[in-house]
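So you can see what is in the structure, the chains are spelled out below.
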Amino acid sequence: MNLSELSRKINARFYPSAGQCCPEAREVHAADTMSSLIANASRDTLLVTSLNNNQLIRVAELMDAPGLCLVGGVQPSAELVARARETGAAIMVSPFGLEETRRLLVEYLAAEAAGRA
Amino acid sequence: MITLSYRISGGDFDTGGLATRQLKEQLARIGVGAAAMRRAMIASYEAEMNVVIHARTGTLWARLDSGKLDLEIADEGPGIPNVALALREGWSTASDKARAMGFGAGMGLPNIRRNSDLFDIETRVGRGTRIRSTILLGTAVSAAADLAVGFEAVTATQERCRKCMRCIFACPTGAVRVHAAGPDIRTGLCVGCTACFGECRSGVYGIRETAAGALPTPPEEAVLVITRGFLSSISLGGADRVLAALRSFGFSEVRLLEEWTEALRAEARAAAVSGSAPMPLIPPTCPAVVELV
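Visitor: Got a minute to help me understand the overall build of chain B in this structure?
Guide: Within chain B one finds 12 helices and 11 strands. For chain B, long-range pairs separated by at least 24 residues make up 69% of all intrachain contacts whose partners lie at least 6 apart in sequence.

What follows is the structure, encoded as structure tokens:
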């Protein structure tokens, strides 16, 4: 599903990437450690995390992840947003906590997958 | 063999991961497949961040040889007093600063080991640590080379050439020709491995900017030839499943080397009898190149 559309569904702020108009995700992985994020990242995986630092973009970039979803309504730094734009990853900021955000995203992606099937 | 090296600054979280990113760009140009790339990125990033978190400085080396990628990360740091403990999931000595950034979960070394076909660690307390990770590339790189898919990213500035001929011997696919005017790259054979870059001391070779990062696109009718040994080395519930998986990569046919050799032999025999071949047959040592050398 298009990350912009996914953001609207969970009432998240959306910071689009520069390169791709509509990055898409089919899976979600939520974690608060870098090792878990990188070990489970892929070009189809939206990474959801309570972390908020520039290394997140490095992980997304290395694994070709379409985007990052920060949680708890945090304000991403200007540098994080700028780096995300450069690397082609979108950023979402969910108003919910880590687990609730993950649950909502999984539900919407599952519903979309069921609709496609 | 292609060798790449990158410096890593200990304690610098801003540039942490940069070496791995640069490695990724090079591996993408060479045509390393997605699965091997993914494993390489995880192993390299975890090892690099270990240097950033624990050491003063370090170096990442990547050596790409036939069918495998060797990563070696050596640092000048405190070393590891108990390797068995360090390899245990959840054990970490990372600083509070690193933990606040999401590192220090004790999954770094286990992640490297899990994504390596061969893994080795050497450490001396007070001196440093050296990690070696080997990732077998499977068919991805060799298939790209075999397919001769027309990689057009490598450029040659002919006037710089000193006719040393090193590039001819370095090129694994025979894509480089050196004429009186200078080198010429047969784009139909070039796989963009950049071996010619490493050998040339005159700066003849470069990357076309618009093509940087582009990967070879397999032709529509690509046949993958594998050995029986390769087939039997993958135990996934039968040869049919492995063949189906290989076809899903985009190959129109997957054939065994033995039967392919027999088919080629039959075609060559028929062509020899009829006196006409459908395409020129080039012996392993091309007389034109020998004469030029």
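Visitor: In this structure, what is going on with the overall build of chain A? I would like to understand it.
Guide: Along chain A, the regular secondary structure elements total 5 helices and 5 strands. Taken from the N to the C terminus, the helices and strands of chain A come in the order α-β-β-α-β-α-β-α-β-α. Looking at chain A as a whole, 44% of its 117 residues are labelled buried. Pairs at least 24 apart in sequence give 50% of the contacts found in chain A among residues at least 6 apart.

Visitor: When you look at the sheet that holds strand E2 (residues 57-65) of chain B in this model, what are you seeing that I'm missing?
Guide: In sheet architecture, strand pairing relies on hydrogen bonds along the backbone and comes in two forms, parallel and antiparallel. All names here are of chain B. The strand order across the open sheet built from 5 strands is E1-E2-E3-E5-E4, with neighbouring strands paired in antiparallel fashion. Sheet topology places strand E1 (2-9) and strand E4 (118-124) at the edges, where each strand pairs with a single neighbour. Between one strand and the next, the sheet's axes are offset by a mean angle of 10 degrees, whatever the strand orientation. Where E1 and E2 come together, 8 bridges link them in antiparallel fashion. In the strand pairing of E2, Thr3 is matched with Arg63. Contacts between helix H1 (residues 18-30) and the sheet are confined to E1 and E2, with E1 contributing the most and set at about 165 degrees to the helix. Across the sheet, helix H2 (residues 34-54) lies against E1, E2, strand E3 (68-76) and strand E5 (128-136), angled at about 5 degrees from E3, the strand it touches most.

Visitor: Would you mind showing me how to read the interface of chain A and chain B here?
Guide: When the parts come together, some accessible area is lost, and that loss is often what is quoted as the size of the interface. The interface is formed by 15 residues belonging to chain A together with 19 residues belonging to chain B. When contributions to the side of chain A that touches chain B are tallied by element, the ones reaching two or more residues are helix H2 (34-40) and helix H3 (55-62) of chain A. Here the element with the most residues in the side of chain A that touches chain B is H2 of chain A; it accounts for 5 residues. In terms of residue class, the side of chain A that touches chain B is made up of 6 nonpolar, 6 polar and 3 charged.

Visitor: Help me understand the sheet that holds strand E4 (residues 67-70) of chain A, please; the structure alone is not making it clear to me.
Guide: All names here are of chain A. Across the sheet, which stays open at both edges, the 5 strands sit in the order E1-E5-E4-E3-E2 with mixed pairing between neighbours. Here the strands that pair on one side only, and so sit at the sheet edges, are strand E1 (13-15) and strand E2 (27-30). Recorded for the sheet is a direction-independent mean angle of 20 degrees between the axes of neighbouring strands. Bridge analysis of E4 against strand E5 (residues 90-93) gives 4 bridges, and the strand direction is parallel.

Visitor: Would you explain the confidence of the model for chain B in this entry?
Guide: Low pLDDT marks regions whose predicted coordinates should not be analysed in detail. Of all residues in chain B, 76% have pLDDT values of 70 or greater, and the mean over the chain is 78. pLDDT under 50 marks residues 280-287 of chain B. Its contacts with residues more than four places away, or in other chains, come to 1 contact.

Visitor: How do you make sense of the nonpolar core when you look at a structure like this?
Guide: Where a protein is soluble and globular, its nonpolar side chains tend to be buried together. In this structure, Ile38, Leu47, Val59, Ala60 and Cys69 of chain A together with Ala40 of chain B are the most contacted members of the largest nonpolar core, which totals 70 residues. Here this core takes 12 residues from H2 of chain B, the largest share from any one element. Apart from the residues within four sequence positions on either side, Ala60 of chain A is in contact with Leu47, Ala65, Leu68, Thr87 and Ala89 of chain A. Of all hydrophobic cores here, the second largest spans 15 residues; its members include Cys171, Val176, Ile185 and Tyr205 of chain B.

Visitor: Is there a simple way to think about the pairing of strand E3 (residues 45-49) of chain A in this case?
Guide: Two faces, one strand: in a regular strand the side chains alternate between the faces of the sheet. Residues and elements named next belong to chain A. Summarising burial for E3: 5 of the 5 residues are buried, a large majority. Burial of the side chains of E3 extends over both faces: Thr45, Leu47 and Thr49 are buried on one face and Leu46 and Val48 on the other. The pairing of E2 with E3 spans 4 bridges and is classified as parallel. Considered in E3, the bridge of Val28 is made with Leu46. Regarding topology, H2 serves as the crossover connection from E2 to the parallel E3, and that connection is right-handed. Crossover connection from E3 via H3 to parallel E4: handedness right-handed.

Visitor: In this structure, what is going on with the environment of Gly67 of chain A? I would like to understand it.
Guide: All names here are of chain A. Its location among the elements puts Gly67 in strand E4. Between the C-alpha atoms of Gly67 and Arg43, which are 24 residues apart in sequence, the distance is 9.1 Å. Apart from residues lying up to four places away in sequence, Gly67 is in contact with Leu3, Pro23, Ala25, Leu46, Ala89, Ala90, Ile91 and Met92.

Visitor: Teacher, can you tell me more about unusual backbone geometry here?
Guide: Backbone geometry follows two general trends: most residues other than glycine have a negative phi, and most peptide bonds adopt the trans configuration. One non-glycine residue, Asn11 of chain A, lies in the positive phi region at around 60 degrees. The residue Asn11 of chain A is located in the loop between helix H1 (3-9) and E1 in this model. Positive phi outside glycine occurs at Lys163 of chain B, with the angle close to 60 degrees. Its location among the elements puts Lys163 of chain B in the loop between strand E6 (154-156) and helix H7 (166-170). Among the residues examined, Lys163 of chain B registers 13 C-beta atoms within 10 Å and is labelled partly exposed.

Visitor: How do you make sense of the environment of Thr45 of chain A when you look at a structure like this?
Guide: Residues and elements named next belong to chain A. As for its position among the elements, Thr45 is in strand E3. Classification of Thr45 by C-beta neighbours within 10 Å gives buried; the count is 20. Residues Thr45 and Arg26, 19 residues apart in the sequence, show an inter-C-alpha distance of 6.2 Å. Setting aside residues no more than four positions away along its own chain, Thr45 makes contact with Ala25, Glu27, Val28, His29, Asn40 and Ala65.

Visitor: Sorry if this is basic, but what is going on with the packing of H3 of chain A against H1 of chain B here?
Guide: Two measures define how a pair of helices packs: the angle their axes make with one another and the distance between the axes. Close contact between H3 of chain A and H1 of chain B brings their axes to 10 Å; oriented N to C, the two are set at 20 degrees. On the basis of their axis angle, the class for H3 of chain A and H1 of chain B is roughly parallel. Viewed along their axes, H3 of chain A and H1 of chain B form a crossing whose handedness is left-handed. Residues Arg58, Glu61 and Leu62 of chain A of H3 of chain A form the contact with H1 of chain B, whose own contacting residues are Thr20, Arg21 and Lys24 of chain B.

Cut-off values and rules
Numbering of residues starts from 1 in each chain and follows the order in which that chain's sequence is written. The order in which chains are written sets their letters, starting at A; the order in which ligands are written sets their numbers, starting at 1. Selection of residues for local features in this predicted model requires a pLDDT of at least 70, selection of side-chain atom pairs for listing and counting requires 80 or more, and totals for whole chains, interfaces and linings are taken over all residues. Helical segments are the DSSP runs of H or I of at least four residues, strand segments are the runs of E of at least two, and each set is numbered from the N terminus. Contact criterion: two residues are in contact if their C-beta atoms, reconstructed from the backbone, are within 7 Å. Neighbour density around each residue's C-beta defines its exposure: 20 or more other C-beta atoms within 10 Å make it buried, 12 or fewer make it exposed, and counts between make it partly exposed, where C-beta atoms are placed from the backbone. In short, DSSP must find at least two bridges between two strands for them to pair. Lines fitted to the C-alpha atoms define the axes, with helices restricted to the stretch that makes contact. Angles between their N-to-C directions range from 0 to 180 degrees. Ten residue types, Ala, Val, Leu, Ile, Met, Phe, Trp, Tyr, Cys and Pro, are classed as nonpolar, four, Asp, Glu, Lys and Arg, as charged, and the remainder, Gly among them, as polar. pLDDT measures the predictor's confidence residue by residue and takes values from 0 up to 100. What makes a nonpolar core is a set of buried Ala, Val, Leu, Ile, Met, Phe, Trp, Tyr and Cys residues, with links drawn between C-beta atoms within 7 Å. The handedness of a crossover follows from its direction of travel: if, with the strands pointing away from the viewer, the path from the first strand over the helix to the second runs clockwise, the crossover is right-handed. Roughly parallel refers to an angle under 35 degrees, roughly antiparallel to one over 145, roughly perpendicular to one between 65 and 115, and oblique to any angle outside these ranges. A crossing counts as left-handed when the near helix is turned anticlockwise from the far one by less than a right angle, and as right-handed when that turn is clockwise.

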